[in-house]
Every structure is written in structure tokens, then in C-alpha cells.
Amino acid sequence: MSDLTRLTAADLAGKLAAGEVSSVEATQAHLDRIAAVDGDVHAFLHVSDHALDVAADIDRRRAGGEQLGGLAGVPLAIKDVLVTTDMPSTSGSKILEGYMSPYDATVVARARAAGLVPLGKTNMDEFAMGSSTEHSAYGPTHNPWDLDRIPGGSGGGSAAAVAAFEAPIALGSDTGGSIRQPAHVTGTVGMKPTYGGVSRFGAIALASSLDQVGPVSRTVLDSALLHDVIGGHDPHDSTSLTDAWPSFAAAAREGATGEALKGLKVGVIAELPDSGFQPGVSASFRAALAAMEAAGAEIVEVSAPHFEYGVAAYYLILPAEASSNLAKFDSVRFGMRVNVPGGTVEDVMAATRDAGFGDEVKRRVILGTYALSAGYYDAYYGSAQKVRTLIQRDFDEAFARVDVIATPSAPTTAFKLGEKVDDPIQMYLNDVTTIPVNLAGVPGISIPSGLAEEDGLPVGIQFIAPAREDARLYRVGAAVETLLVDRWGGPLLDRAPVLGGTR
Amino acid sequence: MAKDKLLDFDKALELYEPVLGFEVHVELNTATKMFSSAANPANSANHEAGPNTLVAPVDMGLPGSLPVVNETAVRYSISLGLALGCSIAPSSRFARKNYFYPDLGKNYQISQYDEPIAFEGSVEIELGDGTLVTVPIERAHMEEDAGKLTHMGGATGRIQGAEYSLVDYNRAGVPLVEIVTKPIFGAEHRAPEIAKAYVAAIRDIVISLGISEARMERGNLRCDANVSLRPRGQEKLGTRTETKNVNSMRSVERAVRYEIQRQAAILAAGGTITQETRHWHEDTGTTSPGRPKSDADDYRYFPEPDLLPVEPSAELIEKLRAALPEPPAIRRRRLKADWGFTDLEFQDVVNGGLLAEVEQTVAAGAAPAAARKWWTGEITRVANAQGVEASALVEPQAVAAVQKLVDAGTLTDKLARQVLEGVIAGEGSPQEVVDARGLAVVSDDGALIAAIDDALAAQPDVLAKIRDGKVQAAGAVIGAVMKAMRGQADAARVRELVLERAGS
């Protein structure tokens, strides 16, 4: 039964609906897979002890003739940034070790209501700050393609779980690329929806104006199916859009027919220099564009002159918001507490935050506190917000001319664990193409574009669409996926090394 | 703490011009909190709730929680802004005010900073002698209240020296409107009186709008009073102090007077005023320094990214404007005419800050004169003796109920005062106090006649005098009867019966 883990969520859902397999069998297969490989991958921080009970309940309800959701019975991995009532939620931090939330995140509640079976909580950089999961307080996740390499971050756990066939689909969160960059380095698919398209309620906030929850999967259709489940207005999140959304799964299915590429105008950004990119990444990107052109797409150069300031603006806005969002972790009401005999409450707060936060978190809290300080606000936070507006304007102007914009999802393939952990600037620059998407609030998807010639590691291509045009990305993404998988003669992940056993 | 030297008030005014400013916090009485679905303890229905029972994840700052703006609170804030004569911003924003303190679950307060919902208005207030003063309003903005800390183990209940502190998050997230005045010039020797009248006016406004319970003793309405002095003839404003949380109208008056005298003493001696917050002490009638307030306070304000701007439609604003109750000055004129009070009687009510109380007592069925007598008389007397606000002692409905018992002949005035005393002491409703204390007038003629016959028999000389037509002699018998009835008889009825029995 272990090949149940190789099925896409869509195929597994089909077999479940047809009664060919039970959710208990599917869930057991994934639990077995986790038991076999997660010692090496370390994608999970917590594996549910009652996933089989949940699966059995779905099977019972299905047997009883109940009308269930399309993904009912399909296992799901959940990034630890999302709070859950039945499993601890730590956001990768020591300060929340063992923390149990009294409520479920909206996306988790919607997934449960749709009959998905939570398998466990996935590893991440502490409070989603990082691009490698090396900043997790619970040890790094390893890339299934090469266990000595990073799986991306912050959502390396969700991407690695899906890439290692420990889960068919997963939930992630993306503040500057935390869904898309891990997808890029693990040969998987990751979608950051339009800001406000998916509820943030119950997502432990990093930077409120940038955070967005989204799906992680091995195929575009699977992300679309999960997006259909979790998306839509949530009265608990004031920034949640009230739009009625089309079916993303329908868009993906339509895209897979290939028609979507005919006459599609694809923008490439003139100011994005090849020089900053690993040759194999650039080559893969160009090859994917050429394939699209051959299939009828038109490649158009567009200008986004402020794109290059994105990283700088991002590293002011994010720390500023994070410094405030993380103030609640003070030991008074929940979480870790370091007692200071004879100390004041301020002493206890300070000692707890000193012991409970890792270096990267402290770095950003200090940076953000400084950026918001009186006398510096205008120069830092204020200027960064202006850059943000300029980037939004760049996108507006570009989208007046093209349907989607394409970029490499990240400048390099997966780097070695430890390689950049002491060089924050290099680490930050890894998100150069994903960050502007969050700053503008528009949707972006990363899908595999191939393997880099020099290291044989996966590369992703990112497509960006105007706000609210998430369906367009599923249409285009599925079309390009079909095109490339045909060329490869099968999914990219079929070429990943076999995991299992001990290293 | 060294006792502050004070300069004589008149002397102080001779040397310096006081400049005032007020920040009044109004807790709105919405059903739920500003940003969460938890019940609002500033609504009377929830006032008695136990500690930490009125909380939602947002109020505790739990991971993943998000605020959602209370629409009713926004409407109340707009109404209040309009009643203060303010312009309503077509778009206003919330901001985060960041500081670490355990009374805030998130360690930041959601407030409004550079874009308040209401700005530029004025309030007309009336002083004791009927003088009208216009107080300029800078802004009114929405924010959330903080939780309540109780410091345990210290000598004075203050944080200094406390062993530990208890936190109650019920109040965290209660909707607040903060009303900030512009500097008030020209108050002169009436500064303390203006302070009191201003708070009374705000209280009248929020009560007439029905947006707050406005009970100062519960903290529904809290006043921070800013006072500075400048030497006569000087243009530049002096350094101000901010006296925090002065929680009765009487205290506001006293605190302003005290600060004028204290600052004047320092300045007259060649000293300088420290810019600081100060605490008012009701028991000693003094203020003491809190923390120094300086530019070092950095709240790192930035726009609240979890909330969208508040953008009320022009239609909503006009609808709320149309629904405003009459302005206080017009209301006062109407009430005075309706009630038929003399100038003096009416000023008594206004000066006592009892306009709303009398109005509500009248609305509950009491005659205006009776309502006025209760509030400006007995209730004010008890309040002064206890050092609390008259409005805090008893509900207008209870006062009306007591008066109803008087009108029905069930209580004499004297008994009524005892009943009121019982109501104030928390013994229950007026009727319950009457029943429990057995205070009703004896209206059973049989019992009275028996007592009268006994008294007449005991004083045959008096009986003879009455029979001789010396009716005033009846007083001695009436006195004896009233004594026998322990005062619980209607003296007029006793008199009637005495004459009747003596004549037969």
C-alpha cells in the first residue's frame, strides 16, 4: 500500500471517493512513510496521535452516505505557524514549546470541515524568519533531494514533507517567499494567494501586512484544490477580501489542456540581471520561457525599476511589524517563562525573551524597534512604505501590458546547510524575486522548471498575476506544468533520490 | 514624601495665569468589546463578572488572534464626535502604541494616532452662576482600554514594594473614546470650577447619547487634568503637569485648584515645574509625582496593519447627526422651564452635576421638586459625608420609588430618609427595605385609636383642654401617640383622630 504516498491529492481523492482505498489506509501509508524517512528529513515537529481516528471517522461518514468535500480523507501537513487545538503550535520557537491553542486557525478549521486529515505540524524557521529552516529552534529540515542541503524557508518543513511523499499536500505561509522559495528548492509547487484571499486568523503573525497563508503540493491542481478549501472571506480577519472567488481547481484543469498559453503575454523584468543568478537557474528559466513561447505564448520585456529596492524595503517593514507582533511573547499569559528570583515583571519578560528567542528573531526585533523609533520612523519605515507603493505601481504598469510576469523563483538552487546561516544579507537576498510580490499584495506561484545543470537540483519558475487573479496563475501554472512534465517524461520528483533507511 | 508647599489661591492667580487642558476617557457601553466578541464589562449587564471571565483570544494577545472593529463602537464614537461639534474624518486609521506592560495582552494598545475619527469641535459649559464658557476640542479618538492590575503584598496597593500583581483582563479591550481639549485660556480664578463643569458637561453628553454608563466611580469616565501656569504678561506656556485618573467631578475641581497652588508655590520660590504625570489622592486631597513624562517616551506608533481604515459613509454620519439629542445648553433651558425651578434651584442641580439624575428621577415618576430635593439634599449630604459622587450612591429609579411611597402615604419624609439610607447601604429596593426594616407608616386606624385612647386616658387634663376648644393642647397627645408608634404614623392622621376621639 506504500505507493499511496506517490499519488497526487487529486488522484487519492478520486480513489477515496470511488471507495478504492480508505482514508485509514491512505493516512496509515503516510504515517508509515513519516516513520521511515522523517528521521532523515525532519519535516515534522509533531505527528498527530489521532490522525487515524480522524481518518476512520471520514470513512464511516462516507460509508454512511454523507456528502463529503472533494478532498475528504486526504492527509494534510500543517505548518507550525498555524494554531491547532489538538496539536502544539510553536511557530518553530522555544518560547512556545508545547503551546496549545484554544482555537483553530480558520484555514485549519476549514480543512477539518472539508474532511482533510491533519497528519502533523511541520518545521519552519522560528516565527517564519528565514529562508532555510536553519533558524528553527528544533533543528533544521533536510532537503529530500540532498539531505545536506536546505529545504528552503521558512516553510521548509511543509515543502520537504510534500517532496518526500510524507504528505500529498500541506499548508504554508508566505511573508516574503516562505511558500515559493521552498517549492523552488524542493521541486514542488507553492502558491502565495492575493493578500486577503486566505484568512490569516490563527496564523501566528510575522508581518501582518505581508503574511499570507497558502497551499503547498506536488502539482498545480493539488494546490488549487486546497486553495478552494481554505480561501474566501473570513469575518475574523479584517483584511480578508469579501470577493467571490472562482474555482481554482477548475482553472487548473482548464489550464492543463494547454490552451491557456496561446496568445498569453508573459512579462520578463528588464531590470532583473542574469548576473545575480546561478547559471543553472537562469538556464532553466530561459528554457521554460522558450517552451512557453513555442506553445504560443508571447514573451514581453517589462520594466520594474523599483523591484531592486524590494529587499531593502522589506527588511524594514517586516522587522517593524514583527517587533510589535512578537511583543506578546512575554511569559505573562502563556508560553515559556524564565523566573528571575527577586526580579520585577520586566526582568522576567526580558529573561524569557532572551532565552526563548533565537538570534535571527532578536536581530529582526531589534532592527524593527529601531526602524519605528521616534526620529527614525520617516527615514526608515516611512521610506519603505513609499518604496512599496512604487513597486505596486511598477506592477500596475507592467500588468497593463502583460497577463503574467515570470521570474526565477530564487537566485540559487538549494545551498548547503550552514553555508549562509552566519551571513544574513546573503540569506535575505535569496528572496529577491519573491519579496516584491508580497510588498505588492499580488499572487505568485512557483512551479518546477527543471534541474540546474551544474548541481542537478530543482529550480522553480515563478508566475505573478494582478491582485485577485489567482485563478489565472493556476491556469497558466497548470499549462506550463503539463508542457514541462511532457518534455521530462514524468514529474520532476520522480528523479529525486530514494529516501529511507538510515543515512 | 515631603509635603508640597502651596501658595494661597488668590495670590497664585495674581502672579500667574493658569492654562488648562483635559483628556477625558469615556468607556462605551457596547455589548461587546472594541476588537473582540467578549462581553463588555463597561456595560452594566456585565459589571459584576468575575476576573478574567470576559475575555477572547484577542484580549489575551493569544498567538494568531486578530482584532475586528466593533461597528457599534464606531457609530457611538461618531455620535460623540458630532455632539462635541467635531468634524468626522471620512477616513481614519488605527495605530499601534507599543509598550511593554502586563495590563495589555498584546503589549501594544490599538489606538488612533495621527488620524482620529473626530477633530476640531467645542463644548459649551455652564458655570454655577449661569456663565457660559466654550471649551475648544482638539480631537476625539477611539482606542481600547487596558486590563486592571492589583498589586499585592505592598503597603499601599501600589506597584512599589508589591510582592506580586494580579492581572484581570476583563477591562482589556473595552471600547474607549478619548476626548482631548485644546489649551483652555482665560479660566483665571474659575479654573477649578471650569474643570468640574467641563467633566459634568461631557458626562451629560454621553448620558444623553446613551453611549456610556458614565459612572465615574467605576471608571466609565476618567479625567486627566493638565495644568500649567505662566507669569502674567508672558506669552510662552509654562511647563504642564498631567494629573491622572481623577475619578469624580469634585476631585477634578480640587485637583486643579491644588495643582495651581502647588505650581505657584514652586514658581514663586524661583523653582521650575517638572513635566510629569501626577496621581490624585482623594484622602489627602493632594497630588504626588508619577513617572516623569518626557520625549524619552517612545511608543513606536505605526498604522495597525491588522485593520482597515474606518470609512463611515456620509449617509451614516448624517443619519447619526439627525439622531443627536438636543445640545446641553438647549436641554438645560428646556428642563428648567419644564420643571419650573427658580434660577437658584436649577443652579443647585447643575452645580451638583445632577441634571441627568433629576431628569431620570422625574422620568421614573417623581415630581420635579421632589426629585431635586432628594438629589441636592439628602443624597448630596450622604455623598459628601462618604466622599463619593452623589450619582454613585443610588439609582434614579430607586429615588423615584421612595418618593412614590411618600406620595402614597406609606412613608413619612423621615421614614423615607431611613429607607433611602437602607437602599444606599445595599439592603435592596425601597420596598424591600420598607419590608425588612418594618418602616411603613401605621395606617390602621384601629391601632392608632387604641394608642390615642390610652394617651387620652393617661392625660385627662389635656383631654379636658381639648374639649374646652384648646385644640393646640392636642400636641402633647399626638407626641405620645407618635412615640408609641415609634414614629411610624402619619402625624396629620393622628391629629384628626385625636380630635375625633376627644370630641366624642
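Residues numbered from 1 in each chain as written. Chains lettered and ligands numbered in written order. Predicted model: local features only at pLDDT ≥ 70, side-chain atom pairs only at ≥ 80, totals over all residues.

Looking at an unreviewed UniProt entry, one finds chain B named Aspartyl/glutamyl-tRNA(Asn/Gln) amidotransferase subunit B and attributed to Microbacterium saccharophilum. Recorded in UniProt under Sequence similarities (unreviewed entry), the annotation for chain B is "Belongs to the GatB/GatE family. GatB subfamily." Of chain B, the UniProt comment under Subunit (unreviewed entry) reads exactly: "Heterotrimer of A, B and C subunits." (UniProt positions renumbered as here; feature names shortened; annotations may be inferred.)

An unreviewed UniProt entry annotates chain A as Glutamyl-tRNA(Gln) amidotransferase subunit A originating from Microbacterium saccharophilum. Database annotation for chain A, UniProt heading Function (unreviewed entry): "Allows the formation of correctly charged Gln-tRNA(Gln) through the transamidation of misacylated Glu-tRNA(Gln) in organisms which lack glutaminyl-tRNA synthetase. The reaction takes place in the presence of glutamine and ATP through an activated gamma-phospho-Glu-tRNA(Gln)." Check the Catalytic activity (unreviewed entry) section of the UniProt entry for chain A; it says "L-glutamyl-tRNA(Gln) + L-glutamine + ATP + H2O = L-glutaminyl-tRNA(Gln) + L-glutamate + ADP + phosphate + H(+)".

Turning our eyes to something else, we now look at the overall build of chain A. For chain A, the helix and strand inventory stands at 16 helices and 11 strands. Here the C-alpha coordinates of chain A stretch approximately 70 × 55 × 45 Å along the principal axes. When the 503 residues of chain A are sorted by exposure, 62% land in the buried category. Sequence-distant contacts in chain A: of pairs separated by 6 or more residues, those separated by 24 or more amount to 77%. (Helix = DSSP H or I, 4+ residues; strand = E, 2+ residues; numbered from the N terminus. Buried ≥ 20, exposed ≤ 12 C-beta atoms within 10 Å, placed from the backbone. Contact = placed C-beta atoms within 7 Å.)

Moving on: the domain arrangement of chain B. Domain annotation for chain B reports domain 1 (9-317), domain 2 (326-437) and domain 3 (445-503). Domain 2 of chain B and domain 3 of chain B are separated by 34 Å when their C-alpha centres are compared. (Domains from an automatic or database assignment.)

All names here are of chain A. Counting buried residues along strand β9 (residues 404-408), five of its five residues qualify, which places the element largely inside the surrounding structure. The alternating pattern of β9 places V404, A406 and P408 and I405 and T407 on opposite faces, both of which are buried. Note: β9 against strand β11 (residues 458-464), four bridges, orientation antiparallel. When the bridges of β11 are listed, I405 appears paired with I464. (Pairing = 2+ DSSP bridges.)

The next thing to look at is the interface of chain A and chain B. Across the boundary between the two partners, chain A contributes 37 residues, which contact 24 residues of chain B. Those elements that provide at least two residues to the side of chain A that touches chain B are α10 (310-325) and α11 (345-356) of chain A. For the side of chain A that touches chain B, the per-class residue count stands at 19 nonpolar, 11 polar and seven charged. (Nonpolar A, V, L, I, M, F, W, Y, C, P; charged D, E, K, R; others polar.)

Residue and element names in this part refer to chain B. Within the element layout of this structure, V494 appears in helix α18 (residues 491-503). Separated by 49 residues in sequence, V494 and D445 place their C-alpha atoms 8.7 Å apart. For V494, the residues in contact, after removing those within four places along its chain, are L448, I478, V481, M482 and A489.

This brings us to unusual backbone geometry. Across the junction of A:G153 and A:S154, the peptide omega takes the value 5°, indicating a cis bond. When you line up the elements, A:S154 lands in the loop between β3 (117-122) and α5 (156-163). Of note, the phi angle at A:F165 is positive, near 60°, even though the residue is not glycine. Considering the arrangement of structural elements, one finds A:F165 in the loop between α5 and β4 (169-174). Judged by C-beta crowding, with 24 C-beta atoms within 10 Å, A:F165 ranks as buried. Its identity as a non-glycine residue notwithstanding, B:A214 has a phi of 55°, on the positive side. Note on placement: B:A214 falls in the loop between α4 (191-209) and β10 (221-231).

All names here are of chain A. Where helix α8 (residues 248-256) meets helix α16 (residues 470-488), the closest approach of the two axes is 7 Å, and the angle between their N-to-C directions is 35°. By crossing handedness, the relation of α8 to α16 is classed as right-handed. Along its contact with α8, which presents F248, A251, A252, E254, G255 and A256, the element α16 presents D470, A471, Y474, R475, V476, G477, A478, A479 and T482. In terms of residue class, the contact of α8 with α16 is built from nine nonpolar, three polar and three charged. (Axes fitted to C-alpha atoms, helices over the stretch in contact; angles between N-to-C directions. Left-handed = near helix turned anticlockwise from the far one by under 90°.)

Another aspect to go through is the environment of B:R278. All names here are of chain B. Residue position: R278 is located in strand β12 (residues 276-281). We classify R278 as buried; it has 25 C-beta atoms within 10 Å. Aside from chain neighbours lying at most four places away, what touches R278 is T241, E242, T243, K244, T287, S288, P289 and G290.

Residue and element names in this part refer to chain B. With 12 residues, helix α13 (residues 413-424) extends 16 Å from end C-alpha to end C-alpha; this agrees with the ideal 16 Å at 1.5 Å per step. Residues of α13 that are buried include every one of L415, A416, V419, L420, G422 and V423, and no others. The buried residues of α13 occupy an angular sector of 155° when projected down its axis, which confines them to one face. Opposite its buried face, α13 presents the exposed residues D413 and K414, each directed more than 90 degrees away. Structurally, α13 contributes buried residues whose contacts are with α10 (368-386), α12 (396-407) and α14 (430-437). Positive backbone phi, approximately 85°, marks G426, located one or two places after α13. (Expected span 1.5 Å × (residues − 1). Arc of directions from axis to C-beta.)

In terms of nonpolar packing, the biggest core is built from 247 residues, with A:V74, A:L76, A:A170, A:A252, A:I317 and B:Y198 touching the most fellow members. Residue contributions to this core peak at 13 residues, all from α4(B). Ignoring sequence-local partners within four residues, the contact set of A:L76 consists of A:A111, A:L116, A:V117, A:P118, A:L119, A:A167, A:I169, A:A170 and A:L171. In terms of nonpolar packing, the next biggest core, distinct from the first, is built from 47 residues, B:V362, B:W375, B:A390 and B:V402 among them. (Core = buried A, V, L, I, M, F, W, Y, C linked by C-beta atoms within 7 Å.)

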